[in-house]
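# Reading the structure
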Amino acid sequence: VQLQASGGGLVQTGGSLRLSCAASGRTSSVYDMGWFRQAPGKEREFVAAISWSGTSTYYTDSVKGRFTISRDNAKNTTVYLQMNSLKPQDTAVYYCAGQRRVRGPTGESYEYDYWGTGTQVTVSS
């Protein structure tokens, strides 16, 4: 399974971006998925996660009410992260991740088996 993230860019404070993460390969083995981010000089941190069915979501406190995670399993599994009201502290490389067994949408990175390429999000003040 390969995960390819896209949609990052440069945006002003208060702006919006929509990240996408497309799975390829054996997508039937990708279950719950999540987004993580890593800012320069900082550890990777959890952002949001979603169950395989899309009915359960989980967010870190700092993005609640601003970010929305969703997914489309119709063709190839694709997970999205709609980011609104962006702040400079949201600047980071964003990574998507997937589980090969159902463990529930979790913020623990060790629960994820597949990791995608990162996409840079830069929010200017």
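To be clear, the structure that these remarks concern was listed above.
The present account deals with the structure reproduced in this document.

Rules used throughout
Residues numbered from 1 in each chain as written. Predicted model: local features only at pLDDT ≥ 70, side-chain atom pairs only at ≥ 80, totals over all residues. Heavy atoms only, no water. Helix = DSSP H or I, 4+ residues; strand = E, 2+ residues; numbered from the N terminus. Buried < 20%, exposed > 50% of the residue type's maximum accessible area, 1.4 Å probe, protein only. Core = buried A, V, L, I, M, F, W, Y, C linked by side-chain atoms within 4.5 Å. Contact = heavy atoms within 4.5 Å.

## Quick look at unusual backbone geometry
- The backbone of Ser85 shows a phi angle near 50°, a positive value even though the residue is not glycine.
- Within the element layout of this structure, Ser85 appears in the loop between strand E8 (78-83) and strand E9 (92-98).
- The exposure class of Ser85 is partly exposed, given its relative accessible area of 41%.

## Quick word on the nonpolar core
- Counting 28 residues, the largest nonpolar core has Trp35, Val47, Phe67, Ile69, Leu81, Met83 and Tyr94 as the members making the most contacts within it.
- Those elements that place two or more of their residues in this core are strand E1 (2-6), strand E3 (17-24), strand E4 (33-38), strand E5 (45-50), strand E7 (67-72), E8, E9 and strand E11 (119-124).
- For this core, the element with the most residues is E3, which contributes four residues.
- Filtering out sequence-adjacent residues up to four positions away, Leu81 remains in contact with Leu17, Arg18, Leu19, Trp35, Val47, Ala48, Phe67, Thr68, Ile69 and Tyr94.
- One finds Phe36, Ala49, Ala97 and Tyr112 within the second-largest nonpolar core, a separate group that totals five residues.

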